[in-house]
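Chain by chain, the residues:
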Amino acid sequence: PGSPLYEFALIQLRGGARTLSEMLGGLRILTDRAGNLPVFTRGDLATFVQDVVTDPVLIADSAPRRVIFLNRTAEAASVFCAPLLRHALANLVRNALKYSPANSTVQVLMAAQGDRRWIHVLNRGPKIATNIASHIFEPGRKGAKGGMGLGLHITRACALRMGGELRFGSTKTATVFSVRLPECA
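Reading guide: rules and limits
Residues numbered from 1 in each chain as written. Predicted model: local features only at pLDDT ≥ 70, side-chain atom pairs only at ≥ 80, totals over all residues. Heavy atoms only, no water. Buried < 20%, exposed > 50% of the residue type's maximum accessible area, 1.4 Å probe, protein only. Helix = DSSP H or I, 4+ residues; strand = E, 2+ residues; numbered from the N terminus. Arc of directions from axis to C-beta. Polar contact = N/O pair within 3.5 Å; in protein donor to acceptor, adjacent residues only side chain to side chain. Phe/Tyr/Trp six-rings, centres within 6.5 Å; stacked < 30°, edge-to-face > 60°. Pairing = 2+ DSSP bridges. Axes fitted to C-alpha atoms, helices over the stretch in contact; angles between N-to-C directions.

> Sorry, what's going on with helix α2 (residues 45–53) here?
In an α-helix there are 3.6 residues to a turn, and that puts residues three or four apart on one side. Of the positions making up α2, those classed as buried are Leu45, Ala46, Phe48, Val49, Val52 and Val53. The buried side chains of α2 occupy one side of the element, clustering within an arc of 160° when seen end-on. For α2, the N-terminal capping position is held by aspartate 44, with its side-chain oxygen 3.2 Å away from the main-chain nitrogen of alanine 46.

> Got a minute to help me understand the packing of aromatic side chains in this structure?
Each aromatic ring pair is specified by the distance between its two centres and by the angle formed by the two planes. Taken as a whole, this structure holds three aromatic pairs when the rule is applied. Taking the centre distance of 4.9 Å and the plane angle of 40° together, the rings of phenylalanine 48 and phenylalanine 80 count as tilted. With phenylalanine 48 in helix α2 and phenylalanine 80 in strand β3 (residues 77–80), the pair connects residues that are 32 residues apart, well separated along the chain. Grouping residues by exposure puts phenylalanine 48 and phenylalanine 80 together as buried. For the pair phenylalanine 137 and phenylalanine 168, a centre-to-centre distance of 5.9 Å together with 80° between the ring planes defines the contact as edge-to-face. Residue phenylalanine 137 is found in the loop between α4 (130–133) and α5 (151–161), and its partner phenylalanine 168 is found in strand β6 (residues 165–170); the two are separated by 31 residues along the sequence. Relative accessible area serves as the criterion here: at 17%, phenylalanine 137 is assigned to the buried category.

> Can you help me understand the sheet that holds strand β7 (residues 175–180) in this one?
Two pairing modes exist for strands in a sheet, parallel and antiparallel, and in both the strands are linked by backbone hydrogen bonds. The strand order across the open sheet built from five strands is β2-β4-β5-β7-β6, with neighbouring strands paired in mixed fashion. Each edge of the sheet is formed by a strand with only one pairing partner; in this case those strands are β2 (67–71) and β6. Mean inter-strand twist for the sheet, computed between neighbouring axes without regard to direction, equals 20°. As defined by bridge partners, strand β4 (residues 106–113) adjoins strand β5 (residues 116–123) across seven bridges and the pair is classed as antiparallel. Residue pairing for β5: leucine 109 is matched across the bridge by histidine 120.

Here's what the structure looks like:
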């Protein structure tokens, strides 16, 4: 105790426990066999998204200063499923931070198209390889930096359970994942 090695081991254990907890939460979403419909509430979507993508507990202890949130919508009130959206966004931002250069920022942009809301998560990491891109949402498909290969599969399941969708695009200089929320009724 008190040594640098001990402190490093504690940090690693906390990170591992956080990852395991997130994975179990995602698996719980996937295995909801009861067929329970997501509970939607009306709230300030912009504030919710900003709170999620800058939460040091959900994202990473030092990451909030690397995340920039931009709201391009005029209407703040929206209808959404908070637990599903929280899980999806936290995973997308964690991935963006993981695959982007350490000194770069991750941009989270909220936009509207008619009654639909889009949340785009953009990072300046390397292009996603074609052999990975064609199967990116399948369980067990791991990126270049490892992982369990469940995160994007679960994130997509969250978007679909909300009545939305998850899309992505990648160039040599940026990758963007976009969550489309259902229409705001």
